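Take a look at the letters that make up each chain.
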Amino acid sequence: MTVQKVMVVGAGQMGSGIAQVFAQSGFQVILNDIKQEFVERGLGVITKNLTRQVEKARMTEADKSAILARIVASTSLEDAKDIDLVIEAAVENMEVKTKIFSQLDQLAPEHAVLASNTSSLPITEIAAATKRPEQVIGMHFMNPVPVMKLVEIIRGLATTDEVYQTIEDITKKLQKVPVAVNDFPGFVSNRVLMPMINEAIYTLYEGVATKEAIDEVMKLGMNHPMGPLTLADFIGLDTCLYIMETLHEGFGDDKYRPCPLLRKYVKAGWLGKKTGRGFYTYES
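How each quantity is defined
- Residues numbered from 1 in each chain as written.
- Predicted model: local features only at pLDDT ≥ 70, side-chain atom pairs only at ≥ 80, totals over all residues.
- Heavy atoms only, no water.
- Helix = DSSP H or I, 4+ residues; strand = E, 2+ residues; numbered from the N terminus.
- Expected span 1.5 Å × (residues − 1).
- Buried < 20%, exposed > 50% of the residue type's maximum accessible area, 1.4 Å probe, protein only.
- Contact = heavy atoms within 4.5 Å.
- Phe/Tyr/Trp six-rings, centres within 6.5 Å; stacked < 30°, edge-to-face > 60°.
- Lys NZ or Arg CZ within 6 Å of the ring centre and 35° of its normal.
- Patch = residues over 30% accessible without salt bridge, like charges linked within 9 Å, V, L, I, M, F, W, Y side chains within 5 Å.
- Areas by Shrake-Rupley, 256 points an atom, 1.4 Å probe, with all protein chains shown as cover.
- Salt bridge = Lys/Arg side-chain N within 4 Å of Asp/Glu carboxyl O.
- Lys, Arg positive; Asp, Glu negative; His and termini not counted.
- Charge placed at Lys NZ, Arg CZ, Asp CG, Glu CD.
- Axes fitted to C-alpha atoms, helices over the stretch in contact; angles between N-to-C directions.
- Parallel < 35°, antiparallel > 145°, perpendicular 65-115°, else oblique.
- Left-handed = near helix turned anticlockwise from the far one by under 90°.
- Nonpolar A, V, L, I, M, F, W, Y, C, P; charged D, E, K, R; others polar.
- UniProt positions renumbered as here; feature names shortened; annotations may be inferred.
- Polar contact = N/O pair within 3.5 Å; in protein donor to acceptor, adjacent residues only side chain to side chain.

Q: Got a sec to walk through helix α10 (residues 237–251)? Specific residues and values, please.
A: Think of an α-helix as turning once every 3.6 residues; residues three or four places apart then point the same way. With 15 residues, α10 ought to run about 21 Å at 1.5 Å a step, and its terminal C-alpha atoms sit 21 Å apart, in line with that. Residues of α10 that are buried include every one of L237, C240, L241, I243, M244, T246 and L247, and no others. Elements that come into contact with the buried residues of α10 comprise α7 (189–205), α9 (228–235) and α11 (260–267). G252 sits one or two residues past α10 and shows a positive phi near 65°.

Q: Could you give me a rundown of the packing of aromatic side chains, with the residues and numbers involved?
A: Applying the stated criterion across every chain, the model contains six aromatic pairs. With a centroid separation of 5.1 Å and an interplanar angle of 70°, the aromatic rings of F22 and F27 are classed as edge-to-face. This pair shows no difference in class: F22 is buried, exactly as F27 is. The rings of Y265, W270 and F279 are connected pair by pair, giving a single aromatic cluster. Its guanidinium or amino end placed over the ring of F27, K173 lies 4.8 Å from that ring's centre, counting from NZ or CZ. Geometry around W270 places R277 over its ring, the cationic atom sitting 3.7 Å from the centre.

Q: Could you give an account of unusual backbone geometry, naming the residues involved and the relevant values?
A: Residues other than glycine predominantly adopt negative phi, and peptide bonds predominantly adopt the trans conformation. Cis geometry marks the peptide bond from N143 to P144, where omega comes out at 0°. Not every positive phi belongs to a glycine, and A57 is a case in point at roughly 65°. Position of A57 relative to the elements: it lies in the loop between α2 (36–55) and α3 (61–69). For A57, a relative accessible area of 68% translates into the label exposed. With a phi angle near 60°, N223 is a residue other than glycine that sits in the positive phi range. For N223, the location among the structural elements is in the loop between α8 (211–222) and α9.

Q: Which residues make up a positive patch on the surface, and what values go with them?
A: Where like charges cluster on the molecular surface, the positive patch consists of K48, R52, K56, R58 and K273. Summarising the element assignment, R52 is placed in helix α2. Classification of R52 as partly exposed rests on a relative accessible area of 35%.

Q: Describe the packing of α7 against α10, listing the residues and the values that go with them.
A: Close contact between α7 and α10 brings their axes to 10 Å; oriented N to C, the two are set at 115°. Classified by the angle between their axes, α7 and α10 sit roughly perpendicular to one another. For α7 against α10, the interelement crossing comes out left-handed. Contacts from N190, R191, M194, P195 and N198 of α7 reach α10 at C240, I243, M244, L247 and F251. Residue composition of the contact of α7 with α10, grouped by class: seven nonpolar, two polar and one charged.

Q: Can you break down the UniProt feature "site: Important for catalytic activity" (unreviewed entry) in the protein residue by residue, with the values?
A: The UniProt record marks H140 with the feature "site: Important for catalytic activity" (unreviewed entry), using the residue numbering of this structure. With respect to the element layout, H140 can be found in strand β6 (residues 136–141). Setting aside chain neighbours within four positions, we find H140 in contact with S116, N117, T118, S119, L150, V151, E152, I154, F187, S189 and N190. In this structure the side chain of H140 is engaged in a polar contact, spanning 2.8 Å, whose partner is the side chain of E152.

Structural data, given as structure tokens:
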């Protein structure tokens, strides 16, 4: 199957990054969100990223202009009428995702593959909202998308070998590394990462050490580039909580129970870097 035109649904941090890497690799991209201001913000992030690459002499101004010219703004899912691949990068919420997939199933061409960038939710359940479950697949990029090489590719129960191979080939064309993962809550990345972050939060909650000390131990002792509490702030504490709840519900095991301190911060609106405050304080 040939993929030339791609739609990315959701122009936030992940969606704009996904749109950027596809446009850089020569694909025509429709960047979609529910409001024009969200799409413009996403395009602004892409422009800023590309400008930085020009300043570092990693690409020319002409390259930057050509990449941006391949991205079209959209606020209507009806623009999916002539695409080959959709990648959904909306909020990590099953109700929202199944609604989007149900609509895309009606609007996208019969041959189109519907992919989700979900970081923890079951692909099989998302696929069940469509009449083409064999063409639904997980394509989980890492953040920040333009920098990180890994893409977890998750088959649903019905995903065909052809669809899997198409997505694996595209991932390589994006100069990313595809890794096949089965459809379990959290896949591999977040099933391993989130309990570690949650345990770091418990360590703070129980007064074992300060947040700075916990992060320093993991950076210097485990050679992590960023401490787990800082990383949680960058991911978003609401996202961390949602993934932990997905793991807890999916496995029914209390080792995945979210730390009460994480719940408290989310209820307070302290969601991390995006709100200016999480475990640390950030200037806007």
